[in-house]
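Understanding the architecture of this molecule
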Amino acid sequence: MAKRIDVSGLSAFYGSHKAIDDISMTIEPRSVTAFIGPSGCGKSTFLRTLNRMHEVTPGGRVEGKVMLDDENLYGSGVDPVAVRRTVGMVFQRPNPFPTMSIFDNVAAGLRLNGSYKKSELKDIVERSLKGANLWNEVKDRLNKPGSGLSGGQQQRLCIARAIAVEPQVLLMDEPCSALDPISTLAIEDLIGELKERFTIVIVTHNMQQAARVSDRTAFFNLAAVGKPGKLIEIDETERIFSNPSVQATEDYISGRFG
Amino acid sequence: MNSSSLSDTPPTPASTDNFASISGKSVRPGDRIFLGLSRGSGIALLVIMAAIAAFLTYRSVLAISGDKANFFTTLDWNATGTEPKFGIAVLAFGTVVSSVIAMAIAVPVAVGIALFISHYAPRKLASTLGYVIDLLAAVPSIVYGLWGALFLVPHLTGLYGWLDDYLGWTGIFEYGDGAARSLFTVGILLAIMILPIVTSVSREVFLQAPKMHEEAALALGATRWEVIRMSVLPFGRSGIISASMLGLGRALGETMAVATVLSPSFLIGKSLLDPGGGTFAQNIASKFSEADEFGQDALIASGLVLFVITLLVNGAARLIIARRKEYSGAAA
Amino acid sequence: MSTLTDRTQVASGGTPLPVSLKQARLPRWTPPVLALVAAGAGCGIGLGAGLDSKIQWGLITALLYIFGTYALSAAVEGGRQAKDRLATSLVWTAFLLAVIPLASLLWETVARGIKVLDGYFLSHSMGTLPDAMPGGGIYHAILGTLEQVGLATLIAAPIGLLTAIYLVEYGRGKLAKTVTFFVDVMTGIPSIVAGLFILSVWILILGFGPSGFAGAMALAILMMPVVVRSTEEMLKLVPNELREASLALGVPKWRTILKVVLPTSIGGITTGVMLAVARITGETAPVLLLVWGAKTINSNPFEDAQQSLPLYVFQQWQQGSEASYDRAWAAALVLIAFVMILNLVARGIARWKAPKSGR
């Protein structure tokens, strides 16, 4: 039961610097929404406001509302730890815990959230690794350190780790930018499968990738360096890439700037 | 940690040395002199180390062969007269016990402060604190000794009485009335002394813990403590060990702070709170002024034992770190 | 354990387990209020039970606070949050626990040291003053310390610097590895052992008497490895491109080192040497064995006993009279001030001269 995200009037700050300004959008459940835009336009910052990771950066501060179905993530009494458990995240660079084995990496989130029997844990780990299309490659070396895998495998391990706790939403911050084309393809296929179960938001620099994997695309831009980033438009991916309603979007997509 | 990662890159391109020989001429005199000087310094350093080992051993052999009692087990230090009898048992016991107490107190507290600075304190406070801790690490040990003797000792009697009331039955924490000039006090003072250096090194390591692993833990819904347990402590473990060993090395060899605080005796008492006992370094400092040449040799012999112990501790630390590094993939 | 079966189902069926984002949280003011309550209770118990040591009051307060927070949080917020709070309060306690003695050390030294510290104190020696009498000063000790530390630096700095240059610029092969290893070993030598070594060679075998120079040699042994290590670090920070650029211009290697490598890293090297100087300034043990201490001014470091600041502190403490305690504190204050100033200046230089690419 993936959830819908409703953002309204959201601004994020680094100290006194406003990084993104007054963003409102709806992210549909069980679909892939891609964020595109030039560097520094605040798309990653925006993504990190969706699981309250932004406030972890020193000086990070958020104004506005993010509704997950009918609960405001920034409402009073909401525990950021619970938010992050509900909204999973995959990072730009694969970051498996270097001292943990492959198995322990996938089980890490589960072990935080409760006590499981060994057999249950085994089942969930296997299911998650299968869900991340990694099971066949690692099933014989579950006890080896996760840092021994290739970059693409590490990233899929991180995805397995994120989905093992069954989040409602999966945020991906340029998950393929550190990977080779074949690994990228594997991840993109995986995203297509995962959207059956999760609401997925992906930030990408690669417009072909956005066109390939996403159902809806949001274009972000900033007026000038040092000015806050803004949402220009969000629409069906097909429309954004064929017939966007704003000129700036078309300019960016056709490579006229950015 | 820093040095090892840097030393992976070869210091100078190999070609530079060939440069002179390829040119066909003999090596320039300037280069030869300079290389000679710098290599000579390195060799001088080795010679000094060899000399330290050789001369200490030589004088120790003189002392031990004149010792009429077993040097390792005798509970006495009488290195004068025709029947000198002395042994290091009390000193070894006192040195080890006081250092162990110091480590048991200092390491957890230092790791706590290091975490406080790296992960808990507000940012402004954190950088100031780090600076202050670094400065405190430079306070001379004699100042700790003076403070320990004139301030800490009188303030500990109440606590010791309390410990005696509740834990006296163990024997270890028995405490008669008297000044708190005991091995336990020495341990506490040594703990306070090594706190800054252990904190400083641990903090450095914690700050280097990769942000991306902390974020990974956070994004899984970990609390702050869970983030530290999952990503910071595993990364910092070898750093904590090397910091502790550095502190241990200092505690073992500390002279003045012990000499001012301890009221020495050549007995191994059951209680840690009652005055008495001694350490290698303290014994050398206190016995030196009244020692004749043979007495000084005897002290040198005990110094050699201290030297060997610190060497072993440092060696062990290095081994542990080297092994951890292979396993933990700290390069990630 | 119904939630467990729920969870397993979840993973297979794809129905996520319902989690509430809202968790019962203790209000923000809980920890400080609890700390106050614990402090009050600690003092109350201390007074009530007639405990005369403030250390006990503090310990009771700390224990009450730690367990109080844990219990309250476990009851209201659940186990994970409680553990998190336990860690937080432990870390804070560790910090406070450490701050108190260290602050007390500085405070006592300043408060008690300032009493007799004046121009007279700095410009006079002890002379023939009886130990129990007030008066006297540390001029002879300052002079001795400056001479001993100066001599030690003259010996240790060049050897340390050149060794570091050898290790970084030329060092390959067995010799370099051996030197690196023994520099590490040397770092761990207790200061009293360095003192014993010079004692055995210089005084017992060669038959010299105590002198500032004997002490300086022991201090030099302690200083050398520190200088080597810090200089090594700094030289390694110099980018290889700089060396190659110079060599490619046909500049001989030794001139490259002198004209390119050293000037680039001079700030860091100076800092390292100054920190090493600060460290040996406070060393007492070798001075006790080799310089012996004196009450009068001896400006010749090569002959006869001298005084030094740390040793002066020790000897005044040994006298055990009120007046000598005052002098010990005052000298300790001067010593701390000297070491701190050296440290601050050294770190200032490091920051000012830091290479742009550096940390």
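Residues numbered from 1 in each chain as written. Chains lettered and ligands numbered in written order. Predicted model: local features only at pLDDT ≥ 70, side-chain atom pairs only at ≥ 80, totals over all residues.

What follows deals with the overall build of chain A. From N to C terminus, chain A includes 10 helices and 10 strands. Its C-alpha radius of gyration of 18 Å places chain A within 12% of the 18 Å reference for a compact globule of 258 residues. Seen through its C-alpha atoms, chain A measures out along the principal axes to roughly 55 × 45 × 30 Å. Considering only intrachain contacts with a sequence separation of at least 6, the fraction spanning at least 24 residues in chain A is 68%. (Helix = DSSP H or I, 4+ residues; strand = E, 2+ residues; numbered from the N terminus. Rg over C-alpha atoms; globule rule 2.2 N^0.38 Å. Contact = placed C-beta atoms within 7 Å.)

What chain C contains, in helices and strands, is 14 helices and zero strands. Against the 2.2 N^0.38 benchmark of 21 Å for 359 residues, chain C shows a C-alpha radius of gyration of 29 Å, more extended than a compact globule. When the backbone C-alpha atoms are referred to their principal axes, chain C occupies close to 85 × 70 × 40 Å. Within chain C, the proportion of its 359 residues that are buried is 48%. For chain C, the share of sequence-separated contacts (at least 6 apart) that also reach a separation of at least 24 residues comes to 71%. (Buried ≥ 20, exposed ≤ 12 C-beta atoms within 10 Å, placed from the backbone.)

Before going further, it helps to examine helix H7 (residues 173–187) of chain C. Residues and elements named next belong to chain C. Here H7 spans 22 Å end to end across 15 residues, near enough to the 21 Å set by a 1.5 Å rise per residue. For H7, the full list of buried residues reads Val179, Val183 and Met186. Projection of H7 onto a plane perpendicular to its axis shows the buried side chains occupying an angular sector of 65°, all on one side. Residues of H7 that are exposed and angled more than 90 degrees away from the buried face: Gly173, Lys174 and Lys177. (Expected span 1.5 Å × (residues − 1). Arc of directions from axis to C-beta.)

Time to look at helix H4 (residues 89–120) of chain B. Between its first and last C-alpha atoms H4(B) spans 45 Å; for 32 residues at 1.5 Å apiece the expected length is 46 Å, and the two agree. When you tally the buried positions in H4(B), you get 23 out of 32 residues, the bulk of the element.

The interface is formed by 75 residues belonging to chain B together with 86 residues belonging to chain C. Residues that form the side of chain B that touches chain C fall into these classes: 48 nonpolar, 21 polar and six charged. (Nonpolar A, V, L, I, M, F, W, Y, C, P; charged D, E, K, R; others polar.)

It is worth spelling out the UniProt feature "domain: ABC transporter" (unreviewed entry) in chain A at this point. Here the UniProt feature "domain: ABC transporter" (unreviewed entry) sits at residues 5–247 of chain A. Regarding residues 5–247 of chain A, the helix share stands at 35% and the strand share at 27%, and the terminal C-alpha atoms are separated by 27 Å. (UniProt positions renumbered as here; feature names shortened; annotations may be inferred.)

Opposite the 18 residues of chain B that make contact, chain A presents 24 residues. Elements that contribute at least two residues to the side of chain B that touches chain A include exactly helix H8 (211–219) and helix H9 (224–253) of chain B. Here the side of chain B that touches chain A gets six residues from one element, more than from any other, and that element is H8(B).

A few words now on the confidence of the model for chain A. Low-pLDDT portions of the prediction should not be read for the details of their coordinates. Put simply, chain A has an average pLDDT of 89, and 98% of its residues get 70 or more. Here helix H2 (residues 80–86) of chain A stands out as the least confident element of chain A, with mean pLDDT 88; strand S3 (residues 32–36) of chain A is the most confident, with 94. (pLDDT = per-residue confidence, 0-100.)

Note: strand S9 (residues 216–222) of chain A against strand S10 (residues 229–236) of chain A, seven bridges, orientation antiparallel. Within the sheet, the bridge partner assigned to Asn221(A) lies in S10(A) and is Lys230(A). (Pairing = 2+ DSSP bridges.)

Moving on, we come to the nonpolar core. Ranked by internal contacts, the top residues of the largest apolar core, which has 271 residues, are Met223(C), Val313(C) and Ala331(C). Look past the residues within four positions of Met223(C) in its chain and what remains in contact with it is Ala152(C), Thr153(C), Ala156(C), Ala276(C) and Ile280(C). (Core = buried A, V, L, I, M, F, W, Y, C linked by C-beta atoms within 7 Å.)

Let us now look at the domain arrangement of chain C. Residues and elements named next belong to chain C. Per the domain assignment, the segments making up chain C are domain 1 (25–113) and domain 2 (139–353). Distance between the C-alpha centres of domain 1 and domain 2: 41 Å. Facing four residues of domain 1, the contacting portion of domain 2 comprises five residues. Its residues assigned to classes, the side of domain 1 that touches domain 2 shows one nonpolar, two polar and one charged. (Domains from an automatic or database assignment.)

As a further point, take the environment of Leu47(C). On the secondary structure map, Leu47(C) appears in helix H2 (residues 30–48). The class of Leu47(C) is exposed, set by 10 C-beta atoms lying within 10 Å.

This paragraph deals with the packing of H4(B) against helix H7 (residues 183–208) of chain B. Residue and element names in this part refer to chain B. Contact pair H4 / H7: the axes reach a minimum separation of 6 Å and the direction vectors enclose 35°. For the pair H4 and H7, the crossing hand works out as right-handed. Taken together, the residues of the contact of H4 with H7 break down into 24 nonpolar, seven polar and one charged. (Axes fitted to C-alpha atoms, helices over the stretch in contact; angles between N-to-C directions. Left-handed = near helix turned anticlockwise from the far one by under 90°.)

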